[in-house]
Amino acid sequence: MLSYQQARDLVVSRTTARSREPQIESVPLLNSLGRILAQEIVADRDYPPFHRSIRDGYAVRAADSHLGTTLRCIGELKAGDTPAMSVPPGTCIQIMTGAALPEGADAVIMIEHTERVGDVVTLDRAVSSGQNVVPRGSEQSAGKLVLAKGTRLGFAQLAAAAQVGAAGIAVYRKPRIAILSTGDEVVDFTTTPGPFQIRNSNSVSLTAQSASLHAEPIVLGNARDSEDHLRAKISEGLAADALVLSGGVSAGKYDLVEPVLREFGAEFVFDAVAIRPGKPVVFAICKEKSVFGLPGNPVSTMVTFDLFVRPAIEILSGTLPSSLAFFEAILTERMKEKPGLTHFLPATFKHGSPPQVTPLRWQGSGDTIAMSRANCLLVIPPDRENIESGERVHVLPRGL
Ligand code: AMP
Ligand code: MG
């Protein structure tokens, strides 16, 4: 059986092979958070645009600034001022953080390292050329790359785009992710279920997980466990950029997702991965689209989305798939897990150095409530059975 890394690699390679550059749309900068940049953003001028002082102090000539040197202060420059005069030998100009270095000066001495009486400034140390100055164009020169195509726009990228004057930008259209739950027992979450029915929580988690990746969820509702109904719904779903199903992929008599996908000519890349929860997860290419059949148990659905659907959505969004952001924590209690599978267990971690992680009591992969109390997944590798309290383990933080 495939390990989760092998399965992820297959999702990445098979989805990449089919993905074309997404369509492009233009959006105001402040509406682009989380989107993928579809253009290059270049510097509109040198950055910094002038030799910029990064300290409050005095602009000096380094060559004649030593311990004990006295200089006559001949003026003042604050951020935004045009430096009108130059600094002849034997003089200095008081300068503030963010102001442009005046002609003649090549360094700034911090105000803390000087003493001033009237307009005479005495230095308490030597100054080297370039000290406390960021040279013009050293962050980036005019016309050169600031943000590459395919960059995901977070707050720092938005700030960089704003700095260089990119008020409206081209981003890739969000990939449309069709979401289809299955199961005769599943009813819409806004309705009251019969005594043996359950509300559709998977369509909700899948919608939320897709939206948090800045994809566009297309919620197709629920397919009954009938080949005809599944066929109709899957056909609808294949019009999207990718199709994500939940339920109907185990070995039960009414698990019909695989046979119906096969009718559509699906090529099954995998239909089991050595993980718990989520072992019967299916990945297929069907009519050129990536199709995922996630196990219906809600925690399995959530975990397998994060492991396998996420990288596909990232690729379809026009960016590179991110890797799993494991960190290490100290396990607070002894555990025993079935070997041969990588376990992804709902857990809580507490900040600290080192952080600590505690598995949640849960009733298995149907326990949505336990998952809602978790802030991470505790990862137990397949070669471990007994893990002692105090051991260092891997933890996967959970997104929104
Ligand atoms: P399945 O994978 O179809 O065998 O379903 C496994 C378990 O998950 C069963 O207990 C289902 O009732 C439950 N389940 C399936 N689909 C959903 C859904 N959309 N929302 C909540 N639970 C579900
Ligand atoms: Mg089912």
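Since this is a predicted model, take the numbers as computed values, not measurements.

## A word on the site of ligand 1
Move 1: Neighbouring ligand 1 are 17 residues; Glu185, Asn200, Asn202, Gly248 and Gly296 lie closest to it.
Move 2: Gly296 has a polar backbone atom sitting 2.9 Å from an oxygen atom of ligand 1.
Move 3: Taking Asn297, its main chain carries an N or O atom lying 3.2 Å from an oxygen atom of ligand 1.
Move 4: When the free accessible area of ligand 1 is taken as 490 Å², the share hidden by the protein chains comes to 78%.
Move 5: Breaking the shell around ligand 1 down by element, the ones donating at least two residues are strand S13 (176-182) and strand S15 (198-199).
Move 6: For the shell around ligand 1, the residue count by class is three nonpolar, eleven polar and three charged.

## Structural notes on the sheet that holds strand S8 (residues 114-117)
Move 1: Across the sheet, which stays open at both edges, the six strands sit in the order S7-S4-S6-S5-S9-S8 with mixed pairing between neighbours. With one partner strand each, in any of the chains shown, strand S7 (107-110) and S8 form the two edges of the open sheet. Geometrically, the sheet is characterised by an average inter-axis angle of 40° between neighbouring strands, direction not taken into account.
Move 2: Note: S8 against strand S9 (residues 120-123), four bridges, orientation antiparallel.

## Quick look at the packing of helix H3 (residues 202-212) against helix H6 (residues 298-317)
Move 1: Between H3 and H6, whose axes approach to 10 Å, the crossing angle comes to 30°. In terms of orientation, H3 lies roughly parallel with respect to H6. Helix-helix and strand crossings are classified by hand; for H3 and H6 the assignment is right-handed. Listed contacts from H6 to Asn202, Ser205, Leu206, Gln209 and Ser210 of H3 are Pro298, Thr301, Met302, Phe305, Asp306 and Ile313.
Move 2: Taken together, the residues that form the contact of H3 with H6 break down as five nonpolar, five polar and one charged.

Calculation criteria
Residues numbered from 1 in each chain as written. Chains lettered and ligands numbered in written order. Predicted model: local features only at pLDDT ≥ 70, side-chain atom pairs only at ≥ 80, totals over all residues. Heavy atoms only, no water. Near = heavy atom within 4 Å. Polar contact = N/O pair within 3.5 Å; in protein donor to acceptor, adjacent residues only side chain to side chain. Areas by Shrake-Rupley, 256 points an atom, 1.4 Å probe, with all protein chains shown as cover. Helix = DSSP H or I, 4+ residues; strand = E, 2+ residues; numbered from the N terminus. Nonpolar A, V, L, I, M, F, W, Y, C, P; charged D, E, K, R; others polar. Pairing = 2+ DSSP bridges. Axes fitted to C-alpha atoms, helices over the stretch in contact; angles between N-to-C directions. Parallel < 35°, antiparallel > 145°, perpendicular 65-115°, else oblique. Left-handed = near helix turned anticlockwise from the far one by under 90°. Contact = heavy atoms within 4.5 Å.

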